[in-house]
Amino acid sequence: MANRTAIDYRAKFDRYSEDTCFPRLGEEEQLFIRGMAEAHRFTFQELRQVSEAALDLRMWKEASLGIWWERQESDVEARGRTKERFFQRLDDRMAALRASAKSYPEEGMRRPESASLKPVTMSSERDILGMCPVASEETVCCNLRTIDAVQNCGMGCSYCTIQTFYGDRVTFDADLPAKLAAMELEPDRFYHIGTGQSSDSLMWGNQHGLLDSLCDFARAHPNILLEFKTKSANVAYFLRGSPPANIVLSWSLNTPAIIRNEEHFTAD
Ligand code: SF4
């Protein structure tokens, strides 16, 4: 009977684990978590919590869950209510790590491999003009609008979610010139428009006529300020030609430690 229950739980664990980040963990981490889950019958939420913690610890270069638990185990088991104390201590440890000052190894974090993105051009019915995604009733809005001209970015900033949305493709809008020409703007109103809703604004240069189209759009609408926000040094296009007067190139700058360790392929 005990064996039957263990088998049932293993089947449940296999089902549960597919919907958590458990499959992304290393073999050692998986073995540890599986052992704990089977011994203490982790629920789905508990398994998810432990798997996420294991992944965070790995990314933060902290001791693995198994090593941490080795230091706790005898003390916790002597006190009883092992599962409850395991989760309490895990919560405390993760909270303490989140609250502590970030530190990087002296030699810097290892750069990930640069993503090789396949460029594609695609037609779509997608609207390219929208409000800045941060605009809401909760924010003091500066009415920035954004043009979504390219989807995906290869700068590899570790904190940025854009890279997780578009897979291994970078998509240029085949209808960008037509969509820009059809855009209805009130002539007596001033607009501040950014160009990098889903990418770095200059990383792709003038590929597929991107910058030509955007600069033509700025020339056609003197009542806009078109902002190219970037972390690249890719300004050659603007140095070669005569850019319109109503554009601005801007850089979002972090501290040297963040640039070195988190913004992997941005300009030095
Ligand atoms: S440059 Fe901007 S869009 Fe690209 S990965 Fe970094 S933060 Fe994200």
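Residues numbered from 1 in each chain as written. Predicted model: local features only at pLDDT ≥ 70, side-chain atom pairs only at ≥ 80, totals over all residues. Heavy atoms only, no water.

Undergrad: Sorry if this is basic, but what is going on with the site of the ligand here?
TA: Contacts to the ligand come from Cys153, Met155, Gly156, Cys157, Cys160, Ile162, Asp200 and Lys231. In this structure, the ligand is accommodated by the second largest pocket. Looking at the shell around the ligand, its residues break down into 5 nonpolar, 1 polar and 2 charged. (Near = heavy atom within 4 Å. 1 Å grid on protein atoms, 1.4 Å probe; cavity = no way out; pocket = protein on both sides within 12 Å on 5 of 7 lines; lining within 4 Å. Sits in = over half its atoms within 2 Å of the grid points. Nonpolar A, V, L, I, M, F, W, Y, C, P; charged D, E, K, R; others polar.)

Undergrad: Please clarify how the sheet that holds strand 3 (residues 145-147) should be interpreted in this entry.
TA: Remark on secondary structure: sheet strands pair via backbone hydrogen bonds, oriented parallel or antiparallel. The strand order 2-3-6-7-8 describes an open sheet built from 5 strands, whose pairing is mixed. Pairing within the sheet leaves two strands with one partner each, and these edge strands are strand 2 (129-131) and strand 8 (247-251). Strand-to-strand twist in this sheet, taken as the mean axis angle between neighbours without regard to direction, amounts to 30 degrees. In this sheet, strand 6 (residues 191-194) lies alongside strand 3 in parallel orientation, the contact comprising 2 bridges. Directly across from Thr146, in strand 6, lies its bridge partner Gly194. Here helix 8 (residues 210-220) sits on the sheet and contacts strand 3, strand 6, strand 7 (224-230) and strand 8; the angle it forms with strand 7, its principal contact strand, is near 150 degrees. (Pairing = 2+ DSSP bridges. Helix = DSSP H or I, 4+ residues; strand = E, 2+ residues; numbered from the N terminus. Axes fitted to C-alpha atoms, helices over the stretch in contact; angles between N-to-C directions. Contact = heavy atoms within 4.5 Å.)

Undergrad: What am I meant to see in helix 3 (residues 44-59) here?
TA: An α-helical segment advances 3.6 residues per turn. Residues three or four places apart therefore align on the same side. Spanning 16 residues, helix 3 covers 23 Å between terminal C-alpha atoms, matching the ideal 22 Å at 1.5 Å per step. The complete set of buried residues in helix 3 reads Glu46, Leu47, Val50, Ser51, Ala53, Ala54, Leu55 and Leu57. Just beyond helix 3, the residue with positive phi is Lys61, at close to 60 degrees. (Expected span 1.5 Å × (residues − 1). Buried < 20%, exposed > 50% of the residue type's maximum accessible area, 1.4 Å probe, protein only.)

Undergrad: Sorry if this is basic, but what is going on with the pattern of salt bridges here?
TA: Charged atoms that come close allow side chains of opposite charge to pair. Under the definition given, this model contains 15 salt bridges. With a closest N to O distance of 3.0 Å, Glu84 and Arg81 form a salt bridge. By relative accessible area, Glu84 is classed as partly exposed at 48%. Where salt bridges share partners, they join Arg10, Asp14, Arg34 and Glu38 into one cluster. (Salt bridge = Lys/Arg side-chain N within 4 Å of Asp/Glu carboxyl O.)

Undergrad: What exactly am I supposed to notice about the side chain of Lys179 here?
TA: For Lys179, the location among the structural elements is in helix 7 (residues 176-181). Within the structure, the side chain of Lys179 is placed 3.1 Å from the backbone oxygen of Ser124, a separation counted as a polar contact. Setting aside its immediate chain neighbours within four residues, Lys179 contacts Ser124, Glu125, Arg126, Ile128 and Asp173. (Polar contact = N/O pair within 3.5 Å; in protein donor to acceptor, adjacent residues only side chain to side chain.)

Undergrad: Got a minute to help me understand the environment of Glu62 in this structure?
TA: For Glu62, the position within the fold is in the loop between helix 3 and helix 4 (65-79). Given a relative accessible area of 35%, Glu62 falls into the partly exposed group. Sequence separation between Glu62 and Val150 is 88 residues, and the spatial gap between their C-alpha atoms is 37 Å.

Undergrad: Explanation requested: unusual backbone geometry in the structure shown.
TA: Across residues other than glycine, the phi torsion is negative in most instances, and most of the peptide bonds are trans. Phi is positive for Arg41, which is not a glycine, with a value near 50 degrees. Looking at the element boundaries, Arg41 is found in the loop between helix 2 (27-40) and helix 3. Non-glycine residue Lys61 carries a positive phi angle of around 60 degrees. Within the secondary structure layout, Lys61 lies in the loop between helix 3 and helix 4. The class of Lys61 is exposed, set by a relative accessible area of 60%.

Undergrad: What's the story with the nonpolar core in this structure? I'm lost.
TA: Nonpolar side chains tend toward joint burial in soluble globular proteins. Core analysis: the largest hydrophobic core is formed by 27 residues, its most contacted members being Ile147, Leu180, Leu210, Phe217, Leu226, Phe228 and Phe238. Residue assignment for this core shows that the elements contributing at least two residues are strand 5 (169-173), helix 7, strand 6, helix 8, strand 7 and helix 9 (236-240). Apart from residues no more than four positions distant in its own chain, Leu210 is found in contact with Ala149, Val150, Phe172, Leu176, Trp204 and Gly205. (Core = buried A, V, L, I, M, F, W, Y, C linked by side-chain atoms within 4.5 Å.)

Undergrad: How do you make sense of the side chain of Glu46 when you look at a structure like this?
TA: Inspection of the secondary structure puts Glu46 in helix 3. On the accessibility criterion, Glu46 (17% relative accessible area) is buried. For Glu46, the contacting residues outside a window of four places in its chain are Arg41, Lys83 and Phe87.

Undergrad: Which parts of the structure should I look at to understand empty space enclosed by the protein?
TA: Rolled over the atoms, a probe as big as a water molecule pinpoints where empty space is left. In total, this model carries 1 cavity of 30 Å³ or more according to the counting rule given. Quantified by volume, the largest cavity comes out at close to 70 Å³. Taken together, Ala149, Val150, Thr195, Gly196, Gln197, Ser198, Ser199, Asp200, Ser201, Trp204, Leu210 and Leu214 form the lining of the largest cavity. Looking at side-chain class alone, the lining of the largest cavity contains 5 nonpolar, 6 polar and 1 charged residues. (Points joined across faces, edges and corners; volume = space filled by probe spheres on them.)

Undergrad: I tried to follow the sheet that holds strand 1 (residues 118-122) on my own but got confused; where do I start?
TA: Reading across from one edge, 1-5-4 is the order of the 3 strands in this open sheet, with mixed pairing throughout. A strand with exactly one partner marks an edge of an open sheet, and here the two such strands are strand 1 and strand 4 (150-151). Strand direction decides the pairing type here: strand 4 and strand 5, joined by 2 bridges, are antiparallel. Across the sheet, residue Val150 finds its bridge partner in strand 5, namely Phe172.

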